[in-house]
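Listed below are the residues making up each chain.
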Amino acid sequence: MDVSINLESEDPIQVDIQAQLTKLREEHERAMATIAGLRGEDNRSYVYISRERHIAPFSGDLEKDGRSVDNFIEEIERVLRTMANRSAHDKYDFVMSLLKGSALEEVRLCTDDKPILVEDLYKHLREAFTDKRSVPQLLHDFYSCKQREGEDILDYSHAVRKALQQVVKRSPTSISNVQVALRDQFVEGIREPTLRRELRRYVRGKPASTMVEVREEASLWTMEEPSAHAKSTKSKSRVSDQGDEAYCAAVGASGQNPMSLNDVLKVVSEQGKQINELTQAIKDLTTQTATTSRVQPRAPLRFTQDGKPICLKCQKEGHIAKECPQKYKVRGVVNSGAQGNDPPQLL
């Protein structure tokens, strides 16, 4: 489309529009020229994959590394296959950069810090850090693998598989049917008794099921039976010793979580001392009150030969102590009938 504008007009808006059209036309021509230049070439798409893959360092400690020396070497070999054009020295440096701790010191000791082939590095690492347990020991560890308290189904299945792999690597023929052994040990190691019975019933109904299928059934049961699972978890975490009971009591009373069980025990100990002190104070107070309010024993009543009572207060005949005229001799009161039986008069 040919768009023309009358340049004789000095309208600034038309001049601006003309400038923009000229700019767009130039950009369009450059784009067309680029496309024309590419038509005669093989147009391909390229995907660039980084050759550097992250591998966690290896120290030789199975608990810290979370993998065996064989697993580490397998990871190294996968990466080195993408580095086929690298020199042997570069591959040696690459493997050495991933060693630390005991593994690094062992290789330095065996090679005297001199570069060697990567295959020789593997040999030194395997000799130093390969599992030294015998096949019976590995089998025992596999068949005694149980779900730990607080461990979920997924992590437990990985632990069982890892224990079985150790056996198979050392003695491939020690277990006739690996998949069945893996599935059955997974079922027998389940911590929850009700779930274990359900999985046994599931396996009897489906003898060809795999460990993954049984694990899926266990996960579904856990979601469908949350009350039973929560009840079992609660019963397993019940506190049995007195220290833990004191801890729970302190948490329930304060509504806050104390820093540690030792702090709670200290508080309980202080409270016990205060209770003992209060108990002793009450005991002393009770003893003192009993001593102060103790009633003196009464003297036996006396009578004359003709049967008249003798007053224990004034020692006179004819009345008893509670009727004695002497008791009226208090503030402002005088006994005017001391010689007879006339009642007392006020002053």
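The shown structure was predicted, so the numbers you read here are calculated from the model rather than taken from an experiment.

Please explain the side chain of glutamine 147 as it appears in this structure.
Mapped onto the elements of the fold, glutamine 147 is located in the loop between helix 7 (135–143) and helix 8 (153–170). Of note is the side chain of glutamine 147, whose polar atom sits 2.7 Å from the backbone oxygen of glutamate 151. From its side chain, glutamine 147 meets the backbone nitrogen of arginine 191 in a polar contact 3.0 Å long. Once residues lying within four places of it in the same chain are set aside, the contact partners of glutamine 147 are Asp152, Ile153, Tyr156, Gly189, Ile190 and Arg191.

Which parts of the structure should I look at to understand helix 8?
Because each turn of an α-helix spans 3.6 residues, side chains separated by three or four positions end up pointing in the same direction. Taking 1.5 Å of rise per residue, 18 residues should cover 26 Å, and helix 8 covers 27 Å from first to last C-alpha, within 8% of that figure. Here helix 8 has its buried residues at Ile153, Tyr156, Ser157, Val160, Ala163, Leu164, Gln166 and Val167. Its buried side turned inward, helix 8 meets helix 7, helix 9 (178–188), helix 10 (193–205) and helix 11 (211–224).

Honestly, unusual backbone geometry in this entry has me stumped. Any pointers?
The phi torsion of most residues other than glycine is negative, and most of the peptide bonds are trans. Backbone geometry at glutamine 315 places phi at a positive 65°, although glycine is not the residue there. Inspection of the secondary structure assignment puts glutamine 315 in the loop between strand 2 (309–310) and strand 3 (333–334).

When you look at the environment of serine 171 in this model, what are you seeing that I'm missing?
For serine 171, the position within the fold is in the loop between helix 8 and helix 9. Taking C-alpha positions, serine 171 is 9.9 Å from leucine 139, a pair spaced 32 residues apart along the chain.

It is not clear to me how the packing of aromatic side chains should be interpreted in this structure. Could you clarify?
Inspection of every chain in the model, using the stated rule, returns 4 aromatic pairs. Centroid distance phenylalanine 58 to phenylalanine 129: 5.9 Å. Interplanar angle 90°. Geometry classified as edge-to-face. With phenylalanine 58 in the loop between helix 1 (12–38) and helix 2 (62–65) and phenylalanine 129 in helix 6 (residues 118–129), the pair connects residues that are 71 residues apart, well separated along the chain. One aromatic cluster is present, built from ring pairs that chain together Phe58, Phe72 and Phe129.

Explain the pattern of salt bridges to me, please; I cannot follow it from the model alone.
Where charged atoms from two side chains of opposite charge come close, those side chains can pair. As enumerated under the stated definition, the model contains 8 salt bridges in all. Taking the shortest distance from any N to any O, the salt bridge between arginine 191 and glutamate 149 comes out at 3.8 Å. Remark: glutamate 149 occurs in the loop between helix 7 and helix 8 and arginine 191 occurs in the loop between helix 9 and helix 10; sequence separation between them is 42 residues. The closest approach of N and O atoms between arginine 201 and glutamate 198, which form a salt bridge, is 3.1 Å. Here arginine 201 pairs with glutamate 198, and both are found in helix 10, just 3 residues apart, close to one helical turn. The exposure class of glutamate 198 is partly exposed, given its relative accessible area of 34%.

Rules behind the numbers
- Residues numbered from 1 in each chain as written.
- Predicted model: local features only at pLDDT ≥ 70, side-chain atom pairs only at ≥ 80, totals over all residues.
- Heavy atoms only, no water.
- Helix = DSSP H or I, 4+ residues; strand = E, 2+ residues; numbered from the N terminus.
- Polar contact = N/O pair within 3.5 Å; in protein donor to acceptor, adjacent residues only side chain to side chain.
- Contact = heavy atoms within 4.5 Å.
- Expected span 1.5 Å × (residues − 1).
- Buried < 20%, exposed > 50% of the residue type's maximum accessible area, 1.4 Å probe, protein only.
- Phe/Tyr/Trp six-rings, centres within 6.5 Å; stacked < 30°, edge-to-face > 60°.
- Salt bridge = Lys/Arg side-chain N within 4 Å of Asp/Glu carboxyl O.

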